Amino acid sequence: IQLTTIIVPVLVAVKAKNMKAVDDVVWFACFLALAGIVIMNLDPTAFDDPNTSHSLGFSGGEVWIVGSAVLYSFQVVRIGDYARTVDPIRLSAAKAIVESIASWAFVAVLLLVASDATPLDGQGAFAKYAQTSGISIKHFLQSIRTGFVGGT
């Protein structure tokens, strides 16, 4: 379940300054989606121990996911506005081009950070993630090159 399923209708209603801007069926679907997210986030082993509190704690990774979902939801609402005034094919093409360029640039940065010789211990979680991701991408690209050269 994507968190944007819940966030986009909320943003649309806030933007319109009217909760009725979103249909009641959509609000019901949002409630069901939120209930599903809560159920999926529960730790089933926590119910075995009566001394364990049943919290819905967030790890650092989940905070990044929620932040990304919020930002992506803003983008979805904004694209919805543009879609009414711009040719949808041109809008989709422009969106795909910008996302492709940004993705390739991000991969290039990760590959630059992926130096096996210089570990980024002590540089923070994001730096370690960037280096680990870059190393994974580098190994993946090497395996593709090896496969092409070997004819497999």
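Report on the accompanying structure. (Residues numbered from 1 in each chain as written. Predicted model: local features only at pLDDT ≥ 70, side-chain atom pairs only at ≥ 80, totals over all residues. Heavy atoms only, no water.)

What about unusual backbone geometry?
Glycine aside, residues mostly have negative phi, and peptide bonds are mostly found in the trans state. Under the convention used in this document: The cut-offs for exposure are 20% and 50% of the maximum accessible area for each residue type, with area from a 1.4 Å probe on protein chains only; residues under the lower value are buried, those over the upper are exposed, and the others partly exposed.
For Lys17, which is not glycine, the phi dihedral falls at a positive 55°. Residue classification places Lys17 among the exposed positions, given a relative accessible area of 78%.

Describing the nonpolar core
Soluble globular proteins tend to pack their nonpolar side chains together in the buried interior. Using the following cut-off: What makes a nonpolar core is a set of buried Ala, Val, Leu, Ile, Met, Phe, Trp, Tyr and Cys residues whose side-chain atoms join them at distances within 4.5 Å. Helix and strand definitions follow DSSP, with helices as H or I runs of at least four residues and strands as E runs of at least two, each counted in order from the N terminus.
Among the nonpolar cores identified, the biggest contains five residues, and these are Ile7, Val8, Leu11, Ala69 and Val77. For this core, the elements supplying multiple residues, two or more each, are helix H1 (4-16) and helix H3 (60-85). The element that contributes the greatest number of residues to this core is H1, accounting for three residues.

Overview of a nonpolar patch on the surface
Filter applied, for reference: Two distance rules govern patches: like charges are joined within 9 Å, and nonpolar side chains (Val, Leu, Ile, Met, Phe, Trp, Tyr) within 5 Å, applied only to residues with over 30% relative accessible area and no salt bridge. What sets the accessible areas is the Shrake-Rupley method with a 1.4 Å probe; for residues, cover comes only from the shown protein chains. We define a salt bridge as a side-chain nitrogen of Lys or Arg found within 4 Å of a carboxyl oxygen belonging to Asp or Glu.
Together, Leu111, Phe140, Leu141, Ile144 and Phe148 line one region of the surface with nonpolar side chains, adding up to about 490 Å² of accessible area. Along the polypeptide, Phe148 turns up in helix H5 (residues 125-150). The exposure class of Phe148 is exposed, given its relative accessible area of 68%.

Structural notes on the pattern of salt bridges
Going through the model one piece at a time under the given rule, you end up with five salt bridges. Note that Asp81 and Lys15 form a salt bridge whose closest N and O atoms lie 2.4 Å from each other. Separated by 66 residues along the polypeptide, Asp81 in helix H3 and Lys15 in helix H1 bring together distant segments of the chain. One salt bridge in this structure joins Asp81 and Arg84, with 3.6 Å as the shortest N-O distance. Here Arg84 and Asp81 lie together in helix H3, a separation of three residues that amounts to about one turn. It is possible to trace a salt-bridge network through shared partners that takes in Lys15, Arg78, Asp81 and Arg84.

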